[in-house]
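Below, each chain spelled out in residue letters.
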Amino acid sequence: MAASVNLPDLRTEYPPHAPGLAPAERASLLGLLPGIALLAVVGLAGKFVERFLNTWTKAHHITFPNIEYVLWAILFGIIIANTVGVPRIFRAGVATYEFWLKAGIILLGARFILGDILKLGGISLILVFIAFAFSLTFMTWLGRTFNLGPQLTTLLAVGSSVCGVSAIIATQGAIDADEEDSSTAIAAILALGALSLFTFPLIGHALHMSDRAYGLWAGLAVDNTAEATAAGALYSDAAGKFAVLAKTCRNALIGFVVLGYAIQWVRKGLASRAATKQIDNKGAFLWKKFPKFVLGFLAVSLLATLGASSNLTIAALGFSKPQLVALGNLSRWAFLLTFAGVGLRTNLKDLFKQGARPFVVGALGEIAIAAITLALVLTANHFYHL
Amino acid sequence: MSTPQTRTFRLSTDAWAILLATALGLVIRFGLLKSIAW
């Protein structure tokens, strides 16, 4: 029996990720290289511009705010994707940005000790629950007011409160929504995510927010993981770290939310037989929807915590300080590729060609969610000194 | 006559990310790479 191993299937769908559109072609490892090289070139160009501007403005005694490379990398990506376009040969490799995002998050575990994760993660989870309850009620009301179907309203509510595109795709199957509804919800969430990249840092600076508070806010309010990470990193390196932590907490809840919707749909008698069958075994359903990279993040953080122990035998099991610095820097390199990918997959034409009503509902919902999470984070900051 | 079967082996993005992070962690843990610049 001949066994062929197709390595690797790292791609997700190339922009605009809408279900129903032709996905990127399957590529061999070699086929991914041009796109990965393009991600590296765009990311490095962003890093170069950041350094150049810093050196040049200092040399000429010009006061100029430090603009993180993240913004340049995303802007270069957007310009390329929306002018000359991304040639076919690069597409499969560019689509690996989500793989780099997940690898970056796992390695980021090296920059957290478990105590911090438990404290900030606990606060984040409480805030996520409050924000989720609010956004669900508000989005449902908005959807009814604007006469959107229950499926589209549900997808918008899930996308804006839990975890963007992956939550929408996971919920689509559970509530038997059609592809057009999920494409519309995804396009609305992505368009609003792109807008948040430019508005969140400005609001954070205007309110003089700390890195921790801003990072938590970005992680709780920005929907897609890549955009939430970028919105945090645009503020500062430390804020990016906390944005990832808060966003990871939201991601971990995805299974529970989807299961909740699936059960509700079955109870109302709206679910198909296939959708009903998949929630027979709830434990298996939750495990299937659980983002496994979160486990990697926790494992690396555990090894970082062990390494910091004063007991030498325990410390020998974990990573030393220089090793943690190296892992933290590897995580930054992985994020560099991700941010380049965020720009390269942003297709402005596709984002704005959806109908106005879902976009308005999404935008109103997002603004309300951003405002309420900001109020929640500022309140938590007041009491817990984040 | 039996026809040769082709078995494909595919991992999720999460699994690939965990594999890469494990490989990098091992490389750094055992000193094959001492430091990474940023």
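Residues numbered from 1 in each chain as written. Chains lettered and ligands numbered in written order. Predicted model: local features only at pLDDT ≥ 70, side-chain atom pairs only at ≥ 80, totals over all residues.

## Remarks on the overall build of chain B
Looking only at helices and strands, chain B has 1 helix and 0 strands in total. Looking at the 38 residues of chain B, the share that counts as buried comes to 26%. (Helix = DSSP H or I, 4+ residues; strand = E, 2+ residues; numbered from the N terminus. Buried ≥ 20, exposed ≤ 12 C-beta atoms within 10 Å, placed from the backbone.)

## Here's the deal with the overall build of chain A
For chain A, the helix and strand inventory stands at 18 helices and 0 strands. Taking 21 Å as the expected radius of gyration for a compact globule of 386 residues, we find that chain A reaches 21 Å, a close match to that expectation. In terms of principal-axis extent, the alpha carbons of chain A reach across some 65 × 60 × 50 Å. Counting only residues that meet the buried cut, chain A has 52% of its 386 residues in that class. Of all intrachain contacts in chain A linking residues separated by at least 6 positions in sequence, the fraction that spans at least 24 positions is 78%. (Rg over C-alpha atoms; globule rule 2.2 N^0.38 Å. Contact = placed C-beta atoms within 7 Å.)

## Details of the nonpolar core
In terms of nonpolar packing, the biggest core is built from 127 residues, with A73, I106, L107, A218 and A230 of chain A touching the most fellow members. For this core, the element with the highest residue contribution is helix α16 (residues 321-344) of chain A, accounting for 12 residues. Excluding its chain neighbours within four sequence positions, the residues that come into contact with I106 of chain A are F293, G296, F297 and V300 of chain A together with A17, I18 and A21 of chain B. (Core = buried A, V, L, I, M, F, W, Y, C linked by C-beta atoms within 7 Å.)

## Observations regarding the environment of Q278 of chain A
Along the chain, Q278 of chain A turns up in the loop between α12 (273-277) and α13 (282-289). Remark: the alpha-carbon pair of Q278 of chain A and L259 of chain A, spanning 19 residues in sequence, is separated by 9.7 Å.

## Here's the deal with the confidence of the model for chain B
In this model, chain B carries an average pLDDT of 83, and 76% of its residues clear a pLDDT of 70 or more. Across the interfaces of the predicted complex, the ipTM metric reaches 0.84, alongside a pTM of 0.81. (pLDDT = per-residue confidence, 0-100.)

## Observations concerning helix α9 (residues 225-235) of chain A
Taken across its 11 residues, α9 of chain A has 11 buried, putting it largely inside the fold. When α9 of chain A is considered as a whole, its buried residues turn out to be T225, A226, E227, A228, T229, A230, A231, G232, A233, L234 and Y235 of chain A.

## Focus on helix α5 (residues 114-145) of chain A
Over its 32 residues, α5 of chain A runs 44 Å from end to end, which matches the ideal 46 Å to within 8%, given 1.5 Å per residue. Where α5 of chain A ends, the next residue or the one after it, N147 of chain A, has phi of about 60°, a positive value. (Expected span 1.5 Å × (residues − 1).)

## Points about the packing of α16 of chain A against helix α1 (residues 13-29) of chain B
α1 of chain B packs onto α16 of chain A with a crossing angle of 150° between their chain directions and a minimal axis gap of 10 Å. Of the possible angle classes, the one that applies to α16 of chain A and α1 of chain B is roughly antiparallel. Regarding α16 of chain A and α1 of chain B, the two cross each other, and that crossing is right-handed. In this structure, α16 of chain A contributes Q323, A326, L327 and L330 of chain A to the contact, and α1 of chain B contributes L24, G25, I28 and R29 of chain B. By residue class, the composition of the contact of α16 of chain A with α1 of chain B is 5 nonpolar, 2 polar and 1 charged. (Axes fitted to C-alpha atoms, helices over the stretch in contact; angles between N-to-C directions. Parallel < 35°, antiparallel > 145°, perpendicular 65-115°, else oblique. Left-handed = near helix turned anticlockwise from the far one by under 90°. Nonpolar A, V, L, I, M, F, W, Y, C, P; charged D, E, K, R; others polar.)

## A few points about the environment of F134 of chain A
Residue and element names in this part refer to chain A. Assignment of secondary structure puts F134 in helix α5. Accessibility expressed as a C-beta count within 10 Å gives 16 for F134, which makes it partly exposed. Taking the C-alpha atoms as reference points, F134 and A157, 23 residues apart in sequence, are found 9.9 Å from one another.

## Digging into the packing of helix α1 (residues 29-59) of chain A against helix α2 (residues 69-82) of chain A
All names here are of chain A. Running from N to C, α1 and α2 cross one another at 135°; their axes reach a closest spacing of 7 Å. By the angle class used here, α1 and α2 are oblique. Between α1 and α2 lies a crossing whose hand is right-handed. Residues V42, G43, A45, G46, K47, V49 and E50 of α1 pack against Y69, V70, W72, A73, F76 and G77 of α2. Split by residue class, the contact of α1 with α2 holds 8 nonpolar, 3 polar and 2 charged.

## Focus: unusual backbone geometry
Residues and elements named next belong to chain A. Of note, N147 is a non-glycine position whose phi angle comes to about 60°, a positive value. Its place among the elements puts N147 in the loop between α5 and α6 (150-174). Of the residues examined, N147 has 9 C-beta atoms within 10 Å and is grouped as exposed. Within the chain, H208 stands out as a residue other than glycine whose phi angle is a positive 50°. Structurally, H208 can be placed in the loop between α7 (179-206) and α8 (211-221). Classification of H208 by C-beta neighbours within 10 Å gives exposed; the count is 8.

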